[in-house]
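Close look at the chain arrangement
Listed below are the residues making up each chain.
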Amino acid sequence: MNNILKAITKDSFVLPIVAIIMGLILGAIVMLIGGYNPIDAYSALLTRVYGDPYDFGEAIREMTPLIMTGMAFAFAARAGLFNIGGEGQFLIGMTAATVVAVQLHGLPAYIHAPLAIIAGAIFGGLWAAIAGFLKAVRGVNEVISCIMLNWIGLYLANFVINHFMLLQGQNRSEDIQPSASIAIMWLSEMMGNARVHWGTAIALAAAVFFYVFMWKTKQGYELRAVGFNQDASKYAGMNVNRNIVKAMFISGMFAGLAGSFEVLGVFQYQSVMASSPGTGFDGIAVALIGLNNPFGIILGSILFGTLTYGSAGMSFSADVPPEIVRIVIGAIIFFIAAQGIVRWVLKPFYAKRKKEKVL
Amino acid sequence: MGAATPVVELKQITKVFPGIIANDSISFKLHKGEIHALLGENGAGKSTLMNVVFGLYQPEEGSIEVNGEPVIIDSPNRAIELGIGMVHQHFKLVQPFTVTENIILGSEPKKGTRINYKKATEEIRQLSEQYGLQVNPNAKIHDISVGMQQRVEILKTLYRGAEILIFDEPTAVLTPQEISELMEIMKRLVAEGKSIILITHKLKEIMQIADNVTIIRRGKVVDTVKKSETTPQELAEKMVGRNVTFKVDKKPAEPGSVVLEMANIVSNNKEGTAVLQGLNLQVRAGEILGIAGVDGNGQSELIEALTGLRHVDGGTVKLLGQDITNMSPRKITESGVSHIPEDRHKHGLVLDFSVSENMVLETYYKPPFNKGGFLNFDAIDKHATRLVERFDVRTPSIATHARSLSGGNQQKAIIAREIDKNPTLMIAAQPTRGLDVGAIEFVQQQLIAQRDQGKAVLLISFELDEIINVSDRIAVIYEGQIVGEVLPEKTNDQELGLMMAGSTAKRGAAHE
């Protein structure tokens, strides 16, 4: 817990907060230029999200997969890998979960649902491990292979749905067996049928797992060492290649879980998709906002989910086009990436504070 | 030069970093046409002071005068305007660019909208001739030697009109020949009216070339002396703050049984050329075998082959009679090999890990550090605290990132870790590179202590003095082979130098 306290007082916590504020201000300026009232817009946005239980539940539904794909990106990044393939891993995990959830009959819920979730995690992991394996054995840049695997994943997912589970006359799979659903019915009823599900709890647990694994275990130590300095890791006797594959596998599991939750908890079926849903890519943005820290990513998802979900309210009650929110999100990411600008803005506030320097 | 206005005068410069006063009220004068050495241990505050002069840091207190005028240097650009140029220890060159392109980078002469290469090349050629630098303006950086690259850095400052040149540890990366050439260049520069600040911790160079010496210890000026009125002994004591013995104290070696045996080692590089060509050597328990050689004759490859980082294509490596050829680095470490790597940033440390994480880099998977897959931070921290105390690693805390430590303390941390593993064979590659007298003494004593405990020590170094002073036996490496063996008390620089340049009979001292 000490680490968390330390993190809050550090630059790494202050800078994103300021970046977020600057992003919101920039969005407000854009609204003013467009002739909208930013205060009305932002309050409409917040009212939409936190105004009634249904919308609140739906906003949480929006945030959950972002936590998972955000961690997928961050986990690989901690090991020095740029996993841009969260999208493909998300879809493959989703498809695996759908197959298990639709095709297996007569299992009790306490076996069927976990089985479907595990299938999603494992297949998402394996999909990512392909990129890891290619990098480890053949030196293929993971960015290239991940991008290709995203497309293969999209069409493979559609193929599986089209050929094995298509609901007659519809562009989607058959419904999953009720025993595989992870929706929380009683809570959902309380929240006006918002699609809340157990995936959110699993996502929070996964964040704890991420933290403990990365910073408290022997294997996490190896992954971080490899991420920082492959040469020193090799010198110290670590198997760099195995660590690369391992990091990608675990990273892909996170993304695969995100996909599973969408089918098992939210939609109860899988659509045939004309294009990628983009959750994997949004995860990259969330990981950037959260500075690749699992708890930061949860906060990042809350922000990202709030903005995205609330943007509908903004357009509805303040008549501001929802695309403005994309500008805000883009600006936030820009300011986080361009820390120099934020530091420059902060300069008058803490001129006394200096960076840690060589002794 | 007496009463003349100094070209640069620092008045009571104080620079504070969190938890440390890097410069404590430092005053310093540089006169026209002099070479003024700035001497101090690693972490004494030399580099900080020069970064203040070069506009990279702003001092908390004090003022700077250039040619008697008070100035504020808030950026390197401002420093360059004032005629101050810096030759950095790590060159800042674009490898695939030519010399000319590198030099004009950022201040390109224009002809209309296009860069006037012709004019630039001509100017650079003239400068190069004027100062005897012999640089070919059209050569690409990656094709020229390290010594030449440094001259390009010097040209870069001259091209921008520098009158005052700061050299930051300029000889750290050079071969002995290149060092003496650099000395000539520096003399030529001052003869042409330039003034030089030389940051160094090498007393030999100061005695050779400096006019005046300012000694800094722990952020404070200890003294400023004329070279002609001092001795290396006195300088060293002022720098370290205690008595320093240049003679390495050691008893005669008592070699025991053979610990390491390398027989007919062949290893090829990616292109298939043999970089180790049938190398043979033996190291016994209780002795230090020094490997002397010019950089690039297979030293790095020898270590890599020995530690499992490079594939051995022929021959055998035996440790205590056991074949360890082509075993994994971890197996080799576990069989009793410790290794102080040549490049501490690349191999020795994970710079973004804390000191305590670095202390278990090779042992984190073993108890007590690993408890059922989880790291036992109590044990790790205790281990680190013990090593930091025993080997006097100066760090604000064991949670500090290794990156924030000075070079000498980083090296101490590595040595602590490697010695603590209690190896049968200790490989020390360039263990004192970039360290100051005090730290060098420490490292060498540790190596000798290892030997006295009956360990076999393999020492690879480009510093002939070190090889001669520390080793019990010297093997000379040339083009991937051991070409001869001598005893340190029966040889000298000359003989070794000739052997290092190929065999005396075959090629003589011809090089380049």
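Reading guide: rules and limits
- Residues numbered from 1 in each chain as written.
- Chains lettered and ligands numbered in written order.
- Predicted model: local features only at pLDDT ≥ 70, side-chain atom pairs only at ≥ 80, totals over all residues.
- Helix = DSSP H or I, 4+ residues; strand = E, 2+ residues; numbered from the N terminus.
- Rg over C-alpha atoms; globule rule 2.2 N^0.38 Å.
- Buried ≥ 20, exposed ≤ 12 C-beta atoms within 10 Å, placed from the backbone.
- Contact = placed C-beta atoms within 7 Å.
- Pairing = 2+ DSSP bridges.
- Axes fitted to C-alpha atoms, helices over the stretch in contact; angles between N-to-C directions.
- Core = buried A, V, L, I, M, F, W, Y, C linked by C-beta atoms within 7 Å.
- Domains from an automatic or database assignment.
- Arc of directions from axis to C-beta.
- UniProt positions renumbered as here; feature names shortened; annotations may be inferred.
- Nonpolar A, V, L, I, M, F, W, Y, C, P; charged D, E, K, R; others polar.
- pLDDT = per-residue confidence, 0-100.
- Parallel < 35°, antiparallel > 145°, perpendicular 65-115°, else oblique.
- Left-handed = near helix turned anticlockwise from the far one by under 90°.

As a further point, take the overall build of chain A. Of the regular secondary structure elements, chain A holds 16 helices and zero strands. Scaling as 2.2 N^0.38, a compact globule of 359 residues should have a C-alpha radius of gyration of about 21 Å, and chain A matches this with 21 Å. Expressed as a percentage of its 359 residues, the buried residues of chain A come to 51%.

What follows is about the overall build of chain B. Summing up its helical and strand segments, chain B has 18 helices and 24 strands in all. In terms of overall size, chain B behaves like a compact globule, its C-alpha atoms giving a radius of gyration of 24 Å where 512 residues would be expected to give roughly 24 Å. The buried share of chain B, taken over its 512 residues, is 46%. In chain B, the share of contacts with a sequence separation of at least 24, taken over all contacts with a separation of at least 6, comes to 68%.

A separate point is the sheet that holds strand 10 (residues 195–200) of chain B. Residues and elements named next belong to chain B. Within the open sheet, the six strands sit side by side as 6-9-10-3-11-12. Their pairing is mixed. Since the sheet does not close on itself, it has two edges, and those belong to strand 6 (84–87) and strand 12 (220–226), each with one partner. Taken pair by pair, the neighbouring strands of this sheet meet at an average axis angle of 20°, ignoring direction. Pairing analysis gives five bridges linking strand 3 (residues 35–40) to strand 10, with the strands arranged parallel. Each residue of the ladder has a partner; that of Ala37, found in strand 10, is Leu198. Set on the sheet, helix 5 (residues 146–159) makes contact with strand 6 and strand 9 (164–168); between it and strand 6 the angle comes to about 170°.

In terms of nonpolar packing, the biggest core is built from 247 residues, with Met71(A), Leu264(A) and Val53(B) touching the most fellow members. With 15 residues, helix 12 (residues 240–267) of chain A is the single largest residue contributor to this core. Split by domain, this core shows at least three residues from each of two domains, domain 1 (1–36 + 322–359) and domain 2 (55–319) of chain A. If we skip the residues at most four places from it in the chain, Met71(A) touches Ala206(A), Ala207(A), Phe210(A), Phe254(A), Pro294(A) and Ile297(A).

Right, let's get into helix 8 (residues 232–240) of chain B. Residue and element names in this part refer to chain B. Of the positions making up helix 8, those classed as buried are Leu235, Ala236, Met239 and Val240. When helix 8 is viewed along its axis, its buried side chains cluster within an angular range of 115° and face the same direction. For helix 8, the secondary structure elements touched by its buried residues are strand 3, helix 7 (203–209), strand 11 (212–217) and helix 15 (437–452). Positive backbone phi, at 85°, marks Gly241, one or two positions downstream of helix 8.

Another aspect to go through is the UniProt feature "transmembrane region" (unreviewed entry) in chain A. In this structure's numbering, the residues bearing the UniProt feature "transmembrane region" (unreviewed entry) are residues 12–36, 63–81, 88–107, 113–134, 146–165, 196–214, 244–267 and 324–346 of chain A. Secondary structure content for residues 324–346 of chain A is 96% helix and 0% strand, while the C-alpha to C-alpha distance between its ends is 26 Å.

Consecutive side chains along a regular strand alternate between the two faces of the sheet. All names here are of chain B. Counting buried positions along strand 9 gives five out of five residues, so the element sits mostly inside the fold. Of the two faces of strand 9, the one holding Ile164, Ile166 and Asp168 and the one holding Leu165 and Phe167 are both buried throughout. Direction of pairing for strand 6 relative to strand 9: parallel, over a ladder of four bridges. Paired with Ile84 across the bridge in strand 9 is Ile164.

So, on to the interface of chain A and chain B. For an interface, size is often stated in terms of accessible area lost upon the parts coming together. Across the boundary between the two partners, chain A contributes 18 residues, which contact 29 residues of chain B. Within the residue set of the side of chain A that touches chain B, elements represented by two or more residues are helix 10 (218–228) and helix 11 (230–235) of chain A. When the residues that make up the side of chain A that touches chain B are grouped by side-chain class, the tally is eight nonpolar, three polar and seven charged.

As a further point, take the pairing of strand 11 of chain B. Residue and element names in this part refer to chain B. Burial of strand 11 is extensive: five of the six residues sit out of reach of the surface. The pairing of strand 11 with strand 12 spans six bridges and is antiparallel. Bridged to Ile215 within strand 12 is Asp223. In textbook terms, the turn of a hairpin is the stretch between consecutive antiparallel strands, and for strand 11 and strand 12 this stretch comprises two residues, one of which, Arg218, has a positive phi near 45°.

Turning our eyes to something else, we now look at the domain arrangement of chain A. Residue and element names in this part refer to chain A. Split by domain assignment, chain A resolves into domain 1 (1–36 + 322–359) and domain 2 (55–319). A separation of 27 Å is found between the C-alpha centroids of domain 1 and domain 2. Between domain 1 and domain 2, the residue contacts involve 13 residues of the former and 14 residues of the latter. Of all the secondary structure elements, the ones that give two or more residues to the side of domain 1 that touches domain 2 are helix 2 (11–33) and helix 15 (323–337).

To continue, consider the confidence of the model for chain A. Averaged over all residues, the pLDDT of chain A is 90; the fraction at 70 or higher stands at 94%. For the stretch residues 352–359 of chain A, pLDDT sits under 50, and the model shows twelve contacts to residues farther than four places along the chain or on other chains.

It should be kept in mind that the predicted coordinates are not to be read in detail where pLDDT is low. Scored by pLDDT, chain B comes out at a mean of 87, with 96% of its residues at no less than 70. Predicted confidence for residues 504–512 of chain B stays below pLDDT 50, and this span has seven contacts to residues more than four positions away or in other chains.

Residues and elements named next belong to chain B. Pairing is antiparallel in the open sheet, where four strands are placed in the order 2-1-4-5. Where the open sheet ends on each side, the last strands, each with one partner, are strand 2 (20–30) and strand 5 (69–71). The mean inter-strand angle of the sheet, taken between neighbouring strand axes irrespective of direction, is 30°. In terms of strand pairing, strand 1 (residues 8–17) meets strand 4 (residues 61–66) through five bridges, oriented antiparallel. For Leu10, the partnering residue across the bridge sits in strand 4 and is Ile64. Those strands touched by helix 1 (residues 46–53) are strand 1, strand 2 and strand 4, and its axis lies near 115° from that of strand 1.

Before going further, it helps to spend a moment on the packing of helix 9 (residues 199–216) of chain A against helix 12 of chain A. Residue and element names in this part refer to chain A. Remark: helix 9 packs on helix 12, axes separated minimally by 10 Å, with the N-to-C direction vectors making an angle of 165°. As judged from the angle between their axes, helix 9 and helix 12 are roughly antiparallel. In the packing of helix 9 onto helix 12, the handedness of the crossing is right-handed. Where helix 9 abuts helix 12, its residues Gly199, Ile202 and Ala206 lie against Phe254, Leu257, Phe261 and Gly265. Looking at the contact of helix 9 with helix 12 residue by residue, the class counts come to five nonpolar, two polar and no charged.

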